[in-house]
Amino acid sequence: MEREKAVLLVWQRGDETPEDLVYRVEELTGLCEAAGAQVVGSVVQRRRSPDARWYLGQGKVEALGQLVETTGADLVVADSELRPTQARNVEDAVHRRVVDRTVLILDIFARRAVSREGKLQVEIAQLKYLLPRLAGRGALWSRLGGGIGTRGPGETKLELDRRRIRARISKMERQLAQLSAHRSRLRQRRVRDSAVVALVGYTNAGKTTVRSRWVGDRGRVAENFGRDRLFDTLDVTARRVFAPSGEPYVVTDTVGFVEHLPHHLVEAFRSTLEEVAYADVIVLVVDASRAPDRHLRATRQVLADLRALDKPLITFYNKMDLAAWQPPPDLEAQQTVYGSAAAGDLEPLYRAVEARLHQAKEKAD
């Protein structure tokens, strides 16, 4: 199947450095590729704030139209969440679908969702995002057919009126509450039986590979390693492993974070994300090879939103074999650990986590 071609529409903030701009464009390109699109060009404009009508200036939108025609692009992807009027105005000007970063992430989640709970969470988030944006868009979406931004609820549900969409959201939220209650009972049983270690981190930091290696080393069970792609894991996974003393504990992994994670997703996935609030130890996995400080800030912000920063926290800088910097000489600190899951270098992490679990158990006794 031929991939859709996308042109990026990027607002450069007035105080933004060239390095920050390059990072944002690279991340947006990665999101497009994860959604199945090929980026064929971009239009960038430095402004103090987005244009209220066009997002970028009208001249830049005209340049965008020319680029779309030259490259044969199928859609335009904006790097910020667009207001409905901005999206409609740009669509009318370039005669292509226009989606924003939020739609892109929702679309990736729709592709990744496997479980019933995951699919419900994604569709609720998509419908809540689409609800205020229905007016005036039905004709364009039906004219252009499927593609990025139309997965999940898609065209059919766009034709429903607001009342029916709200009714569907309410029904799905009731179903989700039932599934969440069932998972809560399983979690309570798991927490009662064993200590819990939660893996959190920016998307593609290597959490799934860390968990798989951990299960192989401490659980003595072979598992598939994570793939090098954004948002590889949406559903909570829990695996029982054993400390050298024979004491069992559970390692959990869930959805990765990203800067400016759409609030529709945070709201829909809150019950899933709150798994970390029940952990005895949180391991914050950071990709040491790519913008580690930026990813660390974004992840800590989500943890703060979930009120989980008061938990025992260990920061694990993963992919050190690919990093262009060296860790400080003190590698015995229990709050910060360095290694590489892909290279099998996780023993310092195991020791740090199991030491924290042992301290917590002694304190409880």
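As annotated in an unreviewed UniProt entry, the protein is GTPase HflX from Alicyclobacillus mali. The UniProt entry for the protein carries the following text under Function (unreviewed entry): "GTPase that associates with the 50S ribosomal subunit and may have a role during protein synthesis or ribosome biogenesis." UniProt annotates the protein under Sequence similarities (unreviewed entry) with the comment "Belongs to the TRAFAC class OBG-HflX-like GTPase superfamily. HflX GTPase family."

Chemist: Hey, could you run me through the packing of aromatic side chains in this one?
Modeler: Under the definition given, this model contains 5 aromatic pairs. Ring centres 6.1 Å apart and planes at 80 degrees place the aromatic pair Trp325 and Tyr338 in the edge-to-face group. Taken together, the positions of Trp325 in the loop between strand E9 (313-318) and strand E10 (336-338) and Tyr338 in strand E10 put the pair 13 residues apart, joining distant regions of the chain. Grouping aromatic residues by their ring pairs yields a cluster made of Trp214, Tyr249 and Tyr350. For the cation-ring pair, Arg13 lies above Trp11, with the distance from its terminal atom to the ring centre recorded as 5.1 Å.

Chemist: Can you walk me through the pattern of salt bridges in this structure?
Modeler: Within this structure, the stated rule accounts for 16 salt bridges. One salt bridge connects Glu16 with Arg24, and the closest N-O pair in it is separated by 2.5 Å. Asp79 is the partner of Arg24 in a salt bridge, and the nearest nitrogen-oxygen pair spans 2.0 Å. Remark: Asp79 occurs in the loop between strand E3 (75-78) and helix H3 (84-94) and Arg24 occurs in helix H1 (residues 18-34); sequence separation between them is 55 residues. For Arg24, a relative accessible area of 12% puts it in the buried group. Several salt bridges share partner residues, and in doing so they unite Arg13, Glu16, Arg24 and Asp79 into one network.

Thresholds applied
Residues numbered from 1 in each chain as written. Predicted model: local features only at pLDDT ≥ 70, side-chain atom pairs only at ≥ 80, totals over all residues. Heavy atoms only, no water. UniProt positions renumbered as here; feature names shortened; annotations may be inferred. Phe/Tyr/Trp six-rings, centres within 6.5 Å; stacked < 30°, edge-to-face > 60°. Helix = DSSP H or I, 4+ residues; strand = E, 2+ residues; numbered from the N terminus. Lys NZ or Arg CZ within 6 Å of the ring centre and 35° of its normal. Salt bridge = Lys/Arg side-chain N within 4 Å of Asp/Glu carboxyl O. Buried < 20%, exposed > 50% of the residue type's maximum accessible area, 1.4 Å probe, protein only.

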